[in-house]
Amino acid sequence: MFECLILGDSIGLGTAKAINSQYAPRCDVQAVEGATAAQILSWRRPIKIYGSCVFAIGSNDPPGAPLARTLSRIRSSICFRRVIWLLPYARGQAYTVSSVAARYGDETVDLTRFPSVDHIHPRSYSQLASALLRRP
């Protein structure tokens, strides 16, 4: 069963909608359009323990050390068995997110695998959802 929490920005919203329509409404969502890492850090942490978490964070932040510190604080405050980070289209942010994911031994899915019209959001969230649902 793919019961999860999707945490993040508008990419998280789109991903959650696609996963929940393809699979079943099993993923809870804490995501807001335009959310920054600092805003997400300030949100109340979920009480429920999830088997998986998808983080869609970083697209609305400048890359670099401050983002990495905030992402690390988010990651260390939520303990999941499995975390999948969605790497933003912007390469600077993707490298920052990837470095945090590597530090925790987490999985990543690079959004550049999926066509985009605006280089921020995937054109088809259903393709992204299918890729996430196929992962072991």
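As shown above, the structure is provided for reference.
Scoring rules and cut-offs
- Residues numbered from 1 in each chain as written.
- Predicted model: local features only at pLDDT ≥ 70, side-chain atom pairs only at ≥ 80, totals over all residues.
- Heavy atoms only, no water.
- Helix = DSSP H or I, 4+ residues; strand = E, 2+ residues; numbered from the N terminus.
- Expected span 1.5 Å × (residues − 1).
- Buried < 20%, exposed > 50% of the residue type's maximum accessible area, 1.4 Å probe, protein only.
- Arc of directions from axis to C-beta.
- Contact = heavy atoms within 4.5 Å.
- Phe/Tyr/Trp six-rings, centres within 6.5 Å; stacked < 30°, edge-to-face > 60°.
- Pairing = 2+ DSSP bridges.
- Axes fitted to C-alpha atoms, helices over the stretch in contact; angles between N-to-C directions.
- Right-handed = clockwise from strand over helix to strand, strands pointing away.
- Salt bridge = Lys/Arg side-chain N within 4 Å of Asp/Glu carboxyl O.

K.L.:
I'd love a proper account of helix α4 (residues 91–104), names of residues and values included.
P.N.:
Under the 1.5 Å per step criterion, the end-to-end length of α4 is 20 Å for 14 residues, consistent within 8% with the ideal 20 Å. Of all the residues in α4, the buried ones are Gln-93, Ala-94, Thr-96, Val-97, Val-100 and Ala-101. Each buried residue of α4 sits inside an arc of 165 degrees when the element is viewed along its axis, so together they form one side. What points out from α4, more than 90 degrees from its buried face, is the exposed set Tyr-95, Ala-102 and Arg-103. Contact partners of the buried residues in α4: α3 (65–77), β4 (82–87) and β5 (107–110).

K.L.:
An account of the packing of aromatic side chains is needed here, citing residue identities and associated values.
P.N.:
By convention here, two paired aromatic rings are described through the distance between centres and the angle between planes. For the structure shown, the criterion picks out one aromatic pair. With a centroid separation of 4.7 Å and 75 degrees between ring planes, the pair formed by Phe-55 and Trp-85 is classed as edge-to-face. One end of the pair, Phe-55, is in strand β3 (residues 52–56); the other, Trp-85, is in strand β4, and 30 residues separate them in sequence.

K.L.:
Describe the sheet that holds β4, naming the residues involved and giving the relevant values.
P.N.:
Within the open sheet, the five strands sit side by side as β2-β1-β3-β4-β5. Their pairing is parallel. The open sheet has two edge strands, β2 (27–31) and β5, and neither has a second partner. Pairs of neighbouring strands in the sheet enclose a mean axial angle of 20 degrees, with direction left out of account. Bridge count between strand β1 (residues 4–8) and β3: five bridges; the pairing is parallel. For Leu-5, the partnering residue across the bridge sits in β3 and is Cys-53. Strand contacts of helix α1 (residues 10–22): β1, β2, β3 and β4, with the helix running at about 165 degrees to β2, the strand carrying the most contacts. Each of β4 and β5 touches α4; the most contacted strand, β4, lies at about 165 degrees to it.

K.L.:
With reference to specific residues and values, describe the pairing of β4.
P.N.:
Each regular strand displays side chains that alternate between the two surfaces of the sheet. With six of six residues buried, β4 lies mostly within the body of the structure. Here β4 shows no split at all, with Arg-82, Ile-84 and Leu-86 on one side and Val-83, Trp-85 and Leu-87 on the other all buried. With four bridges joining them, β3 and β4 adopt parallel strand pairing. The residue of β4 that forms the bridge with Cys-53 is Val-83. At this point the chain moves from β3, through α3, to the parallel β4, and the crossover so formed is right-handed. Once the chain exits β4 it traverses α4 before rejoining the sheet at β5, and the crossover so formed is right-handed.

K.L.:
Run through the pattern of salt bridges, naming residues and quoting values.
P.N.:
Counted according to the given criterion, the structure contains four salt bridges. Between Asp-106 and Arg-75 there is a salt bridge, with the nearest N and O atoms lying 2.7 Å from each other. In this pair, Asp-106 sits in the loop between α4 and β5 while Arg-75 sits in helix α3, placing the two residues 31 residues apart along the sequence. Of the two residues examined, Asp-106 and Arg-75, each falls in the buried class.

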